[in-house]
Amino acid sequence: MTPQQFNQQQLLAMLAWQVAMGADEAVLDTPADEPAGSSPADVISGARPQAKTATTMADGLPATASDHPPSQKTLDHLTSLADLAAALEQLEACPLKHTASAMCFADGNAGARLMIIGEVPGRDEDRLGVPFVGAAGQFLDRMMASIGLDRSGVYLTNFLPWRPPGNRTPTAEETDMLLPFLFRHVQLANPELVLVLGGAPAKVILNKGDNILKLRGRWHDIDYGDGIMRPTMASLHPSYLTRSPAQKRLAFDDWLGLYRRLATPAPTTLA
Ligand code: URA
C-alpha cells in the first residue's frame, strides 16, 4: 500500500502509533519494508502485531559518562595488553569478577586496523572466556564476512569483561570501575578504527544520550584518554538484529560504511 491509499485519519493514526513506539526521527531517506504484522498499516488493518523485543543492558546504564574520557592516570603503568589483562584478573574490588566463571578479555588480532567493542559476555562467553563465541558471535562472524573480514582481521572485546550474574544490568559503580580499563585497552591495541556494537556501550563511549538508532552509522572522533582521536562508529548489536530482523538493513548500511572506510588507506604523516 502507498500513503495515497490512506485517508488523513488513518495517516494520523499511523503517526501516533510511531510516536507511541518511541520514534522521534526519520532514520531512512526512503520507507523500508516492515515484517508482517508490525507496520502501522498492519495495525490499522488488524494484522497480528509482533511480540515486543526484549530489553538490553542499555536500559540501566548511565546514558553518558560524567568523566569522559575517564581518568587513565592510575593505569598508565600498564604498558601492554598482557599487563592490562593481568590487572583485570586481580581486580578483586569488582563484584562481577567474583560471580563470573571466566573473564572475556579479547579475541582476534591485537594488531588489526579495526577494534570491535560489544556489550557484555553471554552465557557461552562466560563459560569459555572468549568474547563473541555464542549465537551473537556467529552472527557477527557473518556480518564481518559480508565485507570480507574474519577474526584474523579484527580485534574483539566487550564493554565489560565479566558477565553480570543472571545477565542483570551492571551497576553504575561497576561501569565506572571498568571503563578506564576499556579505554586503556583501546589505547594499547591502538586500532585505526573502532566499531561499537549496542546502545549501552555506544552511549557511554560516544558520551551522548541518544538512542542507538540515532547514534549509529556516523563516525565520531573519540579521545580514549591518550589525546589521539580515533574514528568510532556505533552500530546495532547482533543480538538485537536477530530479534529485530527488519533492522538488518540499517546495520548493513553501517557495515558498508565501515568497508568503505577500511578501503581508504590510513593517511600517512609527512616526514
Ligand atoms: N554479546 C556481546 O556483546 N558480547 C559477547 O561477547 C557476547 C554476546
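What this report covers is the structure whose coordinates are included nearby. (Residues numbered from 1 in each chain as written. Predicted model: local features only at pLDDT ≥ 70, side-chain atom pairs only at ≥ 80, totals over all residues. Heavy atoms only, no water.)

### Section: the overall build of the chain
Here comes step 1: The number of helices and strands found in the chain is 11 helices and 6 strands.
Here comes step 2: Looking at the chain as a whole, 43% of its 271 residues are labelled buried.
Here comes step 3: Looking at the chain alone, contacts between residues at least 24 apart form 72% of all its contacts between residues at least 6 apart. (Helix = DSSP H or I, 4+ residues; strand = E, 2+ residues; numbered from the N terminus. Buried < 20%, exposed > 50% of the residue type's maximum accessible area, 1.4 Å probe, protein only. Contact = heavy atoms within 4.5 Å.)

### What about the packing of aromatic side chains?
Here comes step 1: Per the stated rule, a full pass over the model turns up 1 aromatic pair.
Here comes step 2: A cation over an aromatic ring shows up here: Arg-261 above the ring of Trp-219, its NZ or CZ 4.9 Å from the ring centre. (Phe/Tyr/Trp six-rings, centres within 6.5 Å; stacked < 30°, edge-to-face > 60°. Lys NZ or Arg CZ within 6 Å of the ring centre and 35° of its normal.)

### Comments concerning the sheet that holds strand 5 (residues 219-223)
Here comes step 1: In spatial order, the strands read 1-3-2-4-6-5; together these 6 strands make up an open sheet with mixed pairing. Of all the strands in the sheet, just strand 1 (107-108) and strand 5 have a single pairing partner and so form its edges.
Here comes step 2: As paired elements, strand 2 (residues 114-118) and strand 3 (residues 154-158) share 5 bridges and run parallel to each other. Bridged to Met-115 within strand 3 is Tyr-155. (Pairing = 2+ DSSP bridges.)

### A closer look at the site of the ligand
Here comes step 1: Close contacts around the ligand come from Gly-118, Glu-119, Val-120, Pro-121, Gly-122, Glu-125, Pro-131, Phe-132, Asn-158 and His-237, and that covers them all.
Here comes step 2: Here Glu-119 contributes a backbone N or O atom positioned 2.7 Å from an oxygen atom of the ligand.
Here comes step 3: Between an oxygen atom of the ligand and a main-chain N or O atom of Phe-132, the distance comes to 2.8 Å.
Here comes step 4: Grouping the amino acids of the shell around the ligand by side-chain chemistry returns 4 nonpolar, 4 polar and 2 charged. (Near = heavy atom within 4 Å. Polar contact = N/O pair within 3.5 Å; in protein donor to acceptor, adjacent residues only side chain to side chain. Nonpolar A, V, L, I, M, F, W, Y, C, P; charged D, E, K, R; others polar.)

### Considering the nonpolar core
Here comes step 1: With 61 residues, the main nonpolar core has Leu-114, Ile-116, Trp-162, Ile-205, Trp-255 and Leu-258 as its most contacted residues.
Here comes step 2: Among the elements that line this core, the one with the most residues is helix 7 (residues 172-189), at 7 residues.
Here comes step 3: Dropping the residues within four chain positions of it, Leu-114 is found in contact with Leu-149, Val-154, Tyr-155, Pro-191, Leu-193, Val-194, Leu-195, Leu-258 and Leu-262. (Core = buried A, V, L, I, M, F, W, Y, C linked by side-chain atoms within 4.5 Å.)

### Focus on the packing of helix 3 (residues 81-89) against helix 7
Here comes step 1: At a minimum axis separation of 10 Å, helix 3 and helix 7 run at an interaxial angle of 165 degrees. Taken together, the axis directions place helix 3 and helix 7 in an arrangement best described as roughly antiparallel. For the element pair helix 3 and helix 7, the recorded crossing hand is left-handed. In this structure, helix 3 contributes Leu-81, Leu-84, Ala-87 and Leu-88 to the contact, and helix 7 contributes Leu-178, Phe-181, Arg-184, His-185, Leu-188 and Ala-189. (Axes fitted to C-alpha atoms, helices over the stretch in contact; angles between N-to-C directions. Parallel < 35°, antiparallel > 145°, perpendicular 65-115°, else oblique. Left-handed = near helix turned anticlockwise from the far one by under 90°.)

### Focus: the side chain of His-185
Here comes step 1: When you line up the elements, His-185 lands in helix 7.
Here comes step 2: Beyond its immediate chain neighbours, meaning those up to four positions away, His-185 contacts Leu-81, Leu-84, Phe-105, Ala-106, Met-115, Tyr-155 and Thr-157.

### Quick look at the packing of helix 6 (residues 135-146) against helix 11 (residues 248-263)
Any two packed helices are characterised by how steeply their axes cross, that is the angle between the axes, and by the distance between the axes.
Here comes step 1: The contact between helix 6 and helix 11 brings their axes to 10 Å, and the two run at 50 degrees. Taken together, the axes of helix 6 and helix 11 are oblique relative to one another. In the packing of helix 6 onto helix 11, the handedness of the crossing is right-handed. Across from Phe-139, Leu-140, Met-143, Met-144 and Ser-146 in helix 6, the residues of helix 11 making contact are Lys-248, Phe-252 and Trp-255.
Here comes step 2: Residue composition of the contact of helix 6 with helix 11, grouped by class: 6 nonpolar, 1 polar and 1 charged.

### Some details on the pattern of salt bridges
Here comes step 1: Evaluation of the coordinates by the stated rule reveals 8 salt bridges.
Here comes step 2: With a closest N to O distance of 3.8 Å, Glu-92 and Lys-97 form a salt bridge.
Here comes step 3: On the accessibility criterion, Glu-92 (47% relative accessible area) is partly exposed.
Here comes step 4: Note that Asp-226 and Arg-230 form a salt bridge whose closest N and O atoms lie 3.1 Å from each other.
Here comes step 5: Judged by relative accessible area, Asp-226 falls into the partly exposed class, the value being 30%. (Salt bridge = Lys/Arg side-chain N within 4 Å of Asp/Glu carboxyl O.)

The quantities given are spatial measurements derived from coordinates; they are silent on function.
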